[in-house]
Amino acid sequence: MYLYGTQTVNEKGHLTIGGVDTVDLAHIYGTPLLVYDIALFKERAAAFQETFKKAGIQAQVAYASKAFSSIAIYEVAAQLGLSLDVVSGGELHTAVAANFPREKIHFHGNNKSYTELQYAFDEKIGCIVLDNFHEIEMIKEISEARKEKMNVLLRVTPGVHASTHDYITTGQEDSKFGFDLKNGQTDDAFLKLHNHPYIQLLGMHCHIGSQIFETEAFRLAAEALMTKMVEWRQKFKFTCSVLNLGGGFGIRYTAEDEPLHPSKYVEEMESTVLSMARTYNYPLPEIWIEPGRSLVGDAGTTIYTIGSTKEVPNIRTYVSVDGGMSDNIRPALYGAKYSAASANRMLDPHSDKVTIAGKCCESGDKLIEEAFIAQPVEGDLLAIFCTGAYTYSMASNYNRLPKPAIVFCEDGQHQLVVRRETYEDIIRLDIPLQKIGREQSK
Ligand SMILES: Cc1ncc(COP(=O)(O)O)c(C=O)c1O
Ligand SMILES: N[C@@H](CCCC[NH3+])C(=O)O
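Residue indices follow the written sequence of each chain, beginning from 1 at its first position. Numbering of ligands from 1 and lettering of chains from A proceed in the order in which they are written. Local features are withheld for residues below a pLDDT of 70 in this predicted model, meaning they are given only at 70 or higher, and side-chain atom pairs are given and counted only at 80 or more; totals for whole chains, interfaces and linings count all residues. For side-chain calculations, the full set of non-hydrogen atoms in the structure is used, while hydrogens and water are omitted.

An unreviewed UniProt entry annotates the chain as Diaminopimelate decarboxylase originating from Sporosarcina contaminans. UniProt positions are given in the numbering used here, feature names are shortened, and annotations may be inferred rather than shown by experiment. What UniProt states about the chain under its Cofactor (unreviewed entry) heading is, verbatim, "pyridoxal 5'-phosphate". Taken verbatim from the UniProt record of the chain, the Pathway (unreviewed entry) comment is "Amino-acid biosynthesis; L-lysine biosynthesis via DAP pathway; L-lysine from DL-2,6-diaminopimelate: step 1/1."

(A) Molecular detail of the UniProt feature "binding site: pyridoxal 5'-phosphate" (unreviewed entry) in the chain. Sequence positions flagged by UniProt for "binding site: pyridoxal 5'-phosphate" (unreviewed entry) are, in local numbering, Gly248, Glu290, Pro291, Gly292, Arg293 and Tyr390. The way it works is that DSSP assigns letters per residue, a run of H or I at least four long becomes a helix, a run of E at least two long becomes a strand, and they are numbered from the N terminus. If you trace the backbone, Gly248 turns up in the loop between strand S12 (242-244) and helix H9 (262-280). Residue exposure (1.4 Å probe, protein chains only): buried if accessible area is under 20% of the type maximum, exposed if over 50%, otherwise partly exposed. Residue classification places Gly248 among the buried positions, given a relative accessible area of 8%. Every residue pair with non-hydrogen atoms within 4.5 Å of one another is taken to be in contact. Residues contacting Gly248, with those up to four places away along its chain left out, are His207, Gly209, Ser210, Gln211, Ile212 and Phe218. Along the chain, Pro291 falls in the loop between strand S13 (286-289) and helix H10 (293-296).

(B) Molecular detail of the packing of helix H2 (residues 38-55) against H9. Running from amino to carboxyl end, H2 crosses H9 at an angle of 40°, the nearest separation of the two axes being 8 Å. By crossing handedness, the relation of H2 to H9 is classed as right-handed. Every residue of H9 that contacts H2 at Ala47, Phe48, Thr51, Phe52 and Ala55 is listed here: Pro262, Ser263, Val266, Glu267 and Glu270. Of the residues that constitute the contact of H2 with H9, the class distribution is six nonpolar, two polar and two charged. Note on definitions: angles span 0 to 180 degrees between N-to-C directions of axes, and those axes are lines fitted to C-alpha atoms, for helices only across the stretch in contact. Put simply, a crossing is left-handed when the front helix is turned counterclockwise from the back one by less than a right angle, and right-handed when it is turned clockwise. When residues are sorted by character, Ala, Val, Leu, Ile, Met, Phe, Trp, Tyr, Cys and Pro go into the nonpolar class, Asp, Glu, Lys and Arg into the charged class, and all the rest, Gly among them, into the polar class.

(C) Layout of the UniProt feature "modified residue: N6-(pyridoxal phosphate)lysine" (unreviewed entry) in the chain. Following the UniProt record, one finds the feature "modified residue: N6-(pyridoxal phosphate)lysine" (unreviewed entry) at Lys66. On the secondary structure map, Lys66 appears in the loop between strand S5 (59-64) and helix H3 (71-79). By relative accessible area, which is 28% here, Lys66 ends up partly exposed. Setting aside residues no more than four positions away along its own chain, Lys66 makes contact with Asp85, Val87, Glu91, Tyr390 and Ser393.

(D) Representation of helix H7 (residues 185-193) within the structure. All of the buried residues in H7 are Thr186, Asp187, Ala189, Phe190 and Leu193. Down the axis, H7 shows its buried residues gathered within 160° of arc, on one side only. Looking at the buried residues of H7, the elements they touch are strand S8 (127-130), helix H6 (133-146), strand S9 (150-157), strand S10 (179-180), strand S11 (199-205) and helix H8 (216-236). Count one or two residues on from H7 and you reach Asn195, which has phi positive near 65°. Directions drawn from the helix axis to the C-beta atoms are what define this arc.

See below:
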C-alpha cells in the first residue's frame, strides 16, 4: 500500500497523518473529513522554491489556489513565501481575509468582471493576468479613472498540446483562455498596452494544462513565449521582465501515475529560458510558476465512514460511504482514479475488491471503480488518498449534502480549519415564499 508524506500505520493498525491518528480525527470531527498533511505541502513548496534558488534564478512560486482555497492554507502559503494565484473575487476575498501580502497576489480568469477588477485595484494586488481584449479596455478605464498603476501579464495560448485530459488542457489554440500567440492577437494586445501611463506590462503568461507528466510541453511553451519576447524587443524595444509558465505538474493518484520530482519541471524551464536568453542576449526574466495540484493534491486525504454494502452477484460489491460526488466530483467528471485503504484496519489484508460508491442520487456517483480494502464492515473508516486538489474547491451541495470539515495536521497536532456545514448552513440562503406562488387571500 502506498502511503504519502508523513502517513504511517500505528500500533493499533490505524492510519496516521502528520502524527495524528485518523480514527481519533474521525471521532472528534466526524466524517467525511478532509485531512491535510501540512509537512507535505511545505515539502512540495520548498522543492519548487529551492530549485530556482539553487540555480540563482529570480522566481515566484505562486500557489494556484483554485486547487484548494481557504484562509488557513493561504496563511501557510504566506509563511512559506509563496505568491498566490486567485481567479475570482471570492478567492481574492479569502486572500484578503487571510491578510495575504497583496503584492504577491496574481489575479487570473477569462472573464473577470469590472467589479472584480476594481477589487484588485482597491487591494493594490501585485499583478493582473490579462486574458482578453474586453479586460484590456476595462483595466485601462479603471486605471485612468483612478490614476493608479497596475502590473499586468498577458496570458497567451502558445499552441502547445499537453497530453492530459481534454477538459484540463489549456495551451492549445482552441481554448477559451488567453490571446493566441500565432494569429496576431498577442501583438494587438501588446500594442494596446505599450507605453500606457498606468499599466505596466511585466511580461507574458501561459498555462498549458494540468496533471502533466512530461517536461517537453513546458520546454515548447517556454520556447514559444521567449521567441515572442525576443521579437517584441526587436520590433518595439520592449523587454519583458517576467515569464510566467503556469502550473500543471502531475501527481501520483494511483500506481499508474509516475510523476516527476518538482525540480525536474523547474530545471527544464530554467535551462530553456537560460539558453534562449543566452542565444539572443536577452536579459534573464524572472520565472514565475503556478503549481496548484502538485502542492496540495497528495497532501489531502478524505476519511469517510462506510455505511451500506450491496453485492451484485457475479458483478461487483458496492460499498457506500457518507460522501461522494458532492465532495469529490473528479471521478464522475473526468473519470479520475483514486486509491483507498481501510483507515481503522490498515494491517488487515486489503483483498476485498469493491466499488466505492457515494451517497448521491446518481448511478455515476462512484468514487473508485475498483478498490482493494479490508473486508468492509459498517462503521469502518475508509481513506481515499490524494484528494487535496480540486475536491473541496469543486464541492457542491448536491442532494443538499453538507460540505465536509477540513483539518490540518502537523507534528502530532491537529486543527480544524474549515468547519463542517450544518443543515442550517444549507438553507441559509433560502427565502421562503412571500409573493410568488402563494395562495391569494380572499
Ligand atoms: C492559469 C492557471 N495556473 C495554474 C493552474 C494550476 O494547475 P495545477 O493545479 O495543475 O498545477 C491552473 C489550472 O489548471 C491554471 O488555469
Ligand atoms: N479541476 C481540474 C483541474 C483544473 C485546472 C484549473 N485550470 C481537475 O480536477 O483536474
